[in-house]
Amino acid sequence: MTTTALQPTPGQADPGDGSVTAARLRAIVDELSDRYMERSAVVQPLVAAMLAGQHSLLLGPPGTAKSELARDLTSRITGAQLWEILLSKYSDPKKMFGPIDVAALMQGTYTQVWDGRATTAHIGFIDEIFKCGSGALNELLGLLNERLYHPENGGSPIVCPLISAITASNELPSGEESAAVYDRLLVRIQVDYLEDPSNFAKLVRSAFVSASTAAPTTVSLDDLQAAVQRHVPGIGVPDSVVDALCTLRASLRQAGIIVSDRRWRQSVRLLQACAFLDGRPAINVNDLQVLTHVLWSSPEELPTVKQEVLTMVNPDAREALKLLDGIVALEAELDALKGKSREALDEWAVKEATKKLPAAGRRLEEMIAESRAAGRSTTQIEEVNAKRRAVHGRVLVEVLGMDPSMINI
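My aim in this report is to walk through the structure given alongside it, one point at a time. Keep in mind that this is a model prediction, so the values were computed, not measured. (Residues numbered from 1 in each chain as written. Predicted model: local features only at pLDDT ≥ 70, side-chain atom pairs only at ≥ 80, totals over all residues. Heavy atoms only, no water.)

Turning our attention to the sheet that holds strand E4 (residues 123-127). Here five strands make up an open sheet; going across it, the order is E3-E4-E7-E1-E8 and the pairing parallel. Strands with a single pairing partner mark the edges of an open sheet, and in this sheet they are strand E3 (82-86) and strand E8 (187-190). Direction aside, neighbouring strands of the sheet carry axes that sit 15° apart on average. (Pairing = 2+ DSSP bridges. Helix = DSSP H or I, 4+ residues; strand = E, 2+ residues; numbered from the N terminus. Axes fitted to C-alpha atoms, helices over the stretch in contact; angles between N-to-C directions.)

What follows is the structure in structure tokens.
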């Protein structure tokens, strides 16, 4: 994403066109990207999903700051009712939507207490989303898909004010019931442990060095709702973008990847959200890169989706992904060399890693400069370059014994 406007002035009200709201959300993206290392490619899609009124999934192993990041982001929406739950197969729908009012029950009236539950929430965080048991499944689907809850005592369904839910899981769904929930999560983002040794050193220091006390940027619930309901739907969708989506669909179908019509339709609003967040009145082809988090169902599909989407956004992405294959291969060689002699490690580092990785870095930097000059997105190339730096850093630390804090590559 390329930021096109200045940061908002603290306390500045939105003039009604959404420009200040977009600027505040960009500032939130920047702040969270700075705080959570190697997560810039995670934060922007989460915010875009919220603006699109859609739900997202953070998928990754324990200890990757999924919950902390989700809480940090949702806390930036002032005036919103926030709701958080950790699901298990024993989770009762009443725990999610409202427990029985015991005092009223003693008077002979069966009612539920809604306050502080999903029934009244604007923003939700649902941890271990696929642990949901069958008892709560249908109600959760109703909340995510229709924003409705059917009370225990019957009667008309309750309309819930939910704008967006961020969900998290350590694993993909394994059964048909949880797969139905998975289908309702438009944006799916894989999160892993830190790769760059220098970032890991910063993480360790953060445990005993006080963080900045600067006040976090926030956006009001009213301004967020205005963006979701008015400003984002008003973003233009040029014919060139429609043509690009048709071409992308055909390419994926040829590769054996079938995406539902509903998912394609919802993707348009997500693209509008990306353009709004970037301060533009219409979608452009660079916005399509967010679809790398949308058009896959299984991890096996992800490399093909990335290649097709990113090549459409920037033709240089195909070369960048080929360079990535070589970088990943070097990382695999590094892992395979564990336990080998110091001489074998040094020889491999000198003959292979310290030649190929800097060469890949030079080419990636050239591609970034060329793409910027042509007005094309550099996001994917920069992500590949970050991976290259991480692997190079591992070589310097694990093989050549350098101090992680001294690495600058």
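Read on, since the account is not over.
Before going further, it helps to spend a moment on the packing of aromatic side chains. Tallied over the entire structure, the rule returns two aromatic pairs. Pairing Phe97 with Tyr149 gives two aromatic rings, centres 4.3 Å apart and planes at 5°, and the pair type is stacked. With Phe97 in helix H4 (residues 93-97) and Tyr149 in strand E5 (residues 148-149), this pair connects stretches of sequence that are 52 residues apart. With centroids separated by 5.8 Å and ring planes inclined at 75°, the aromatic side chains of Phe130 and Tyr182 adopt a geometry described as edge-to-face. Linking Phe130 in the loop between E4 and helix H6 (134-146) with Tyr182 in helix H7 (residues 176-183), this pair joins segments that are 52 residues apart in sequence. (Phe/Tyr/Trp six-rings, centres within 6.5 Å; stacked < 30°, edge-to-face > 60°.)

A cluster of nonpolar side chains, contributed by Phe200, Leu203, Val204, Phe208 and Val209, occupies part of the molecular surface with about 490 Å² of accessible area. Inspection of the secondary structure assignment puts Phe208 in the loop between helix H8 (197-206) and strand E9 (219-220). (Patch = residues over 30% accessible without salt bridge, like charges linked within 9 Å, V, L, I, M, F, W, Y side chains within 5 Å. Areas by Shrake-Rupley, 256 points an atom, 1.4 Å probe, with all protein chains shown as cover. Salt bridge = Lys/Arg side-chain N within 4 Å of Asp/Glu carboxyl O.)

We now examine the side chain of Gln272. Topologically, Gln272 is positioned in helix H11 (residues 261-277). Since its relative accessible area comes to 5%, Gln272 is described here as buried. (Buried < 20%, exposed > 50% of the residue type's maximum accessible area, 1.4 Å probe, protein only.)

We now examine the layout of surface pockets. For the second largest pocket, the calculated volume is near 860 Å³. Along its surface, the second largest pocket is lined by 27 residues, and Asp34, Arg35, Tyr36, Met37 and Ser206 are the ones closest to its centre. Secondary structure elements with two or more residues in the lining of the second largest pocket: helix H1 (19-35), helix H3 (66-74) and H8. Ranked by residues supplied to the lining of the second largest pocket, first place goes to H8 with five residues. Looking at the lining of the second largest pocket residue by residue, the class counts come to 13 nonpolar, five polar and nine charged. (1 Å grid on protein atoms, 1.4 Å probe; cavity = no way out; pocket = protein on both sides within 12 Å on 5 of 7 lines; lining within 4 Å. Points joined across faces, edges and corners; volume = space filled by probe spheres on them. Nonpolar A, V, L, I, M, F, W, Y, C, P; charged D, E, K, R; others polar.)

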